Amino acid sequence: MERDQLVVDKVNEAVRDAIEEIKDFRGERTLYIKPNRIKKVCQLLRDEEALQYNFLSDISADDLLPEFPRFAVNYHLYSIPFNHRLRLRVRIEDPDKGPATMAGVWPIATWLETEVWDLMGVRFKGNKGLRRLFLPEDWQGHPLRKDYPLGYEEVQFTFNWEEIGSRKPQPKD
Amino acid sequence: MTLATQPTSSSDTIQELTVEELRAKVGTGMEIEDAEEHLLLSMGPQHPSTHGVLRLLLELDGETVINVAPDIGFLHTGVEKTMESKTYTKALVLTDRMDYLSPMSNNLGYIMAIEKLLDVEVTPRAQVIRVILSELARISSHLVWLGTHALDLAAMTVFLYCFREREYILDLFEMVAGQRMMVSYFRPGGLWRDLPEEFVPAVRHFLDFFPGKIADYEALLKKNPIFLRRTKGVGVISAEDAIAWGVTGPSLRGSGLEWDIRKTQPYAGYEQYDFDVPTRTEGDVYARYRCRVDEFWQSMRIIEQALDKLPDGPINIDNPKIVPPSRSQLGQSMEAVIHHFKLWTEGFSVPEGYVYHSVESPRGEFACYLRSDGSPKPARVHFRTPSFVNLASLPNMAKGGFLADLVAIIGSIDIVLGDIDR
């Protein structure tokens, strides 16, 4: 689609050295953006007269274990005036040093980033509202990571009843 | 229940807490403006007007809402994580349980994402059936919304009427899927079973009597002075704010933006139907109410056209690697037995890649981000659920209004807690 190409041209024109890779799959265009350029690119995509990606549909994160960089964050953008969808993908090496928050570009980003942090543990620079959203406040770990076990219940038999029973969570008295 | 009680009563406790301590205590990241003068009130999670287990932390100045912070997660079941350990078909049942008021839309969003990855196109008959059932789900979901919304505003009769008609639609679902609510009827490559013979006449009967029922609801609400005074001019959000906060569905259309995914990026053959997108410009609770009630008529128009054109033919694609064989084939064909065994033990493999597919659910944009690593189980599933995103705009709508109006506003954005927490 011509609009796919227009996006690439505009980004290349305005932000130097931002696009790492371009992927097309099933009619969806993905731009791999360098983590330190993402804020500039998003600002451009929203404000540029010919693009106007004014709607942030979703932010989601991938754990690509055992690949490196291990994490990737997807921004699903939509341009209401031009009826076009676009995905930005950022590879993250260190989840504690994630991409900058998009709160200044799309206010909804704070809410979506909080979910990503809660479940995947990618920290967004500058988002001060990061907290446990779905999980209890004292929860350890981030369950959507691939190295986080699903947590089956251990089966107790007569020979190891006591041993496993002692590890099981008990109701507080 | 008050967390930090009023300054007048137990003043000892309040003076000991600093703002930071208070914030740590409530744990919702809300900025508290004036902890000494204002009342902090926890509404929910057990509260009839929050439509589920939603907790709202309110900062009140008298009856005026200064700030609202939604606290969610009480219904979190880790659907996305669980799906990673199931095959694509088996994970389908979990999507029903997210937005339990419109499971058909959830099924559709998830299934279409799989089909996009597989690059298959379902048969015309399956598409039309999917549209009919999605629109019935939209009507039934809006009926629950209308009933509970009116009940929040003390109009109990509407609630009973709406649930009566919803029951008829649930009977239709039971007729096709064997289940009233957790249908799991759409399957990769088609449908679970073909429609039973009595389905089409039953839907036509519904289309005959339902307009009269809508007139009944309208008669109870449209000129009801209490309802009007509690909805008009309450919880206003502008179109710009709504877009910035990711609001979709009837809540966005109530603010004047005509954006419906069925129109802009048609899926499942929606481009073949003639229907309008109801919009209002006021952006208040009443406008959202009008939009949803008008959608009843549009959904009925779509269903009527779909019934007229319902083509004959197969309901599943002709690909035994994806669609399990029928029971009759199992007794005759060794190949069918092998496919059956493979599909229900291992599942089908999906090409590597990732897709994002959006559908218009009754609440707004329901989207599924699906990444496959080439195995029979999804590597990552993420749902963009409309209730979750729409809830974020609640503080925008409620700030500066009365506490009593908050109930009307929650009702008007039509949240389902299963959809939020998933």
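Given the structure is predicted, the values throughout are model-derived calculations rather than measurements. Chains are numbered independently. Their residues run from 1 in the order of the written sequence. A letter from A marks each chain and a number from 1 marks each ligand, given out in the order of writing. Reporting in this predicted model follows two pLDDT cut-offs: at least 70 for local features of residues, and 80 or more for side-chain atom pairs to be given and counted; totals over whole chains, interfaces and linings ignore these cut-offs and use all residues.

Our next topic: the overall build of chain A. Summing up its helical and strand segments, chain A has 4 helices and 5 strands in all. Only DSSP runs of H or I covering at least 4 residues are called helices, and only runs of E covering at least 2 are called strands; the numbering of each starts at the N terminus. The helix and strand sequence of chain A, counted from the amino end, reads α-β-β-α-β-β-β-α-α. Against the globule reference of 16 Å for 173 residues, chain A gives a C-alpha radius of gyration of 20 Å, more extended than a compact globule. In terms of overall dimensions, chain A has a C-alpha envelope of 70 × 30 × 25 Å along the principal axes. With C-beta atoms placed from the backbone, a residue is labelled by how many other C-beta atoms lie within 10 Å of its own: buried for 20 or more, exposed for 12 or fewer, partly exposed between the two. Burial analysis of chain A (173 residues in total) assigns 35% to the buried set. In chain A, of all internal contacts separated by at least 6 residues, the share reaching a separation of at least 24 is 50%. Each radius of gyration reported is based on C-alpha atoms, and the globular scaling rule is 2.2 Å times the count of residues to the power 0.38. Throughout, a residue-residue contact means that the two C-beta atoms, derived from backbone geometry, are no farther apart than 7 Å.

Okay, the sheet that holds strand 6 (residues 353–361) of chain B next. Residues and elements named next belong to chain B. Across the sheet, which stays open at both edges, the 3 strands sit in the order 6-7-8 with antiparallel pairing between neighbours. In the strand order of this sheet, the two ends are held by strand 6 and strand 8 (380–384), each with one partner. With strand direction ignored, the average angle separating the axes of adjacent strands in the sheet is 15 degrees. Pairing between strand 7 (residues 364–372) and strand 8: 5 bridges, direction antiparallel. Within the sheet, the bridge partner assigned to leucine 370 lies in strand 8 and is valine 381. Axis angles are defined between N-to-C directions and span 0 to 180 degrees, where every axis is a line fitted to C-alpha atoms and, for a helix, only to the segment in contact. Helix 5 (residues 103–118) contacts strand 6 and strand 7 of the sheet and is inclined by roughly 150 degrees relative to strand 6. A pair of strands is treated as paired once DSSP finds two or more bridges between them.

Glancing now at the domain arrangement of chain B. Residue and element names in this part refer to chain B. Taken as a whole, chain B is organised into domain 1 (11–71) and domain 2 (79–421). Listed by partner, the interface residues are 13 residues for domain 1 and 17 residues for domain 2. Counting residues per element, the side of domain 1 that touches domain 2 draws most heavily on strand 3 (residues 64–71), which supplies 5 residues. The classification used treats Ala, Val, Leu, Ile, Met, Phe, Trp, Tyr, Cys and Pro as nonpolar, Asp, Glu, Lys and Arg as charged, and all other residues, Gly among them, as polar. Looking at side-chain class alone, the side of domain 1 that touches domain 2 contains 6 nonpolar, 6 polar and 1 charged residues. The split into domains, and so the bounds of each, comes from an automatic or database assignment of domains.

All names here are of chain B. In contact at an axis separation of 8 Å, helix 6 (residues 124–152) and helix 7 (residues 156–177) are set at 160 degrees when each is read in the N-to-C sense. Between helix 6 and helix 7, the angle is such that the two are roughly antiparallel. Crossing angle aside, the handedness with which helix 6 passes helix 7 is left-handed. Residue-level contacts link Leu136, Ile139, Ser140, Leu143, Val144, Leu146, Gly147, Thr148, Ala150 and Leu151 of helix 6 to Met156, Val158, Phe159, Cys162, Phe163, Glu165, Arg166, Ile169, Leu170 and Leu172 of helix 7. Split into classes, the residues belonging to the contact of helix 6 with helix 7 amount to 15 nonpolar, 3 polar and 2 charged. Angular relationships are summarised with four words: roughly parallel below 35 degrees, roughly antiparallel beyond 145, roughly perpendicular across 65 to 115, and oblique for the angles in between. Here a crossing is taken to be left-handed if its near helix is turned anticlockwise relative to the far helix by less than a right angle, and right-handed if that turn runs clockwise.

To continue, consider the environment of lysine 399 of chain B. Residues and elements named next belong to chain B. Within the secondary structure, lysine 399 is located in the loop between helix 17 (394–398) and helix 18 (403–413). With 332 residues separating them along the chain, lysine 399 and asparagine 67 place their C-alpha atoms 5.7 Å apart. In contact with lysine 399, other than residues within four places in its own chain, are Val65, Asn67 and Val68.

Here we come to the pairing of strand 3 (residues 55–63) of chain A. All names here are of chain A. Counting buried residues along strand 3, 9 of its 9 residues qualify, which places the element largely inside the surrounding structure. Relative to strand 4 (residues 71–79), strand 3 is paired through 8 bridges, and the arrangement is antiparallel. Within strand 4, the position partnered with isoleucine 59 by the bridge is tyrosine 75.

Moving on, we come to unusual backbone geometry. Negative phi is the rule for most residues except glycine; trans is the rule for most peptide bonds. Residues and elements named next belong to chain A. Residue proline 66 is reached from leucine 65 by a cis peptide bond, and omega for that bond is 5 degrees. In this structure, proline 69 follows phenylalanine 68 across a cis peptide bond, with omega equal to -5 degrees. Turning to its location among the elements, proline 69 is positioned in the loop between strand 3 and strand 4. The backbone phi angle of asparagine 83 is positive, close to 50 degrees, even though this residue is not glycine. For asparagine 83, the position within the fold is in the loop between strand 4 and strand 5 (84–92). Its 12 C-beta neighbours within 10 Å are what place asparagine 83 among the exposed residues.

Residue and element names in this part refer to chain B. By this rule, a helix spans an expected 1.5 Å times one less than how many residues it contains. In this model helix 8 (residues 199–221) runs 32 Å from its N-terminal to its C-terminal C-alpha over 23 residues, within 8% of the 33 Å that 1.5 Å per residue would give. In this scheme, the bend at a residue equals the angle between the axes fitted to the seven residues that finish there and the seven that begin there. A maximum bend of about 35 degrees is found in helix 8 at phenylalanine 209, where proline proline 211 lies one to four positions downstream. Those residues of helix 8 that fall on the buried side of the exposure criterion are Val203, Phe210, Tyr217 and Leu221. Residues of helix 8 that are buried sit in contact with helix 6, helix 7, helix 9 (225–231) and helix 13 (285–309).

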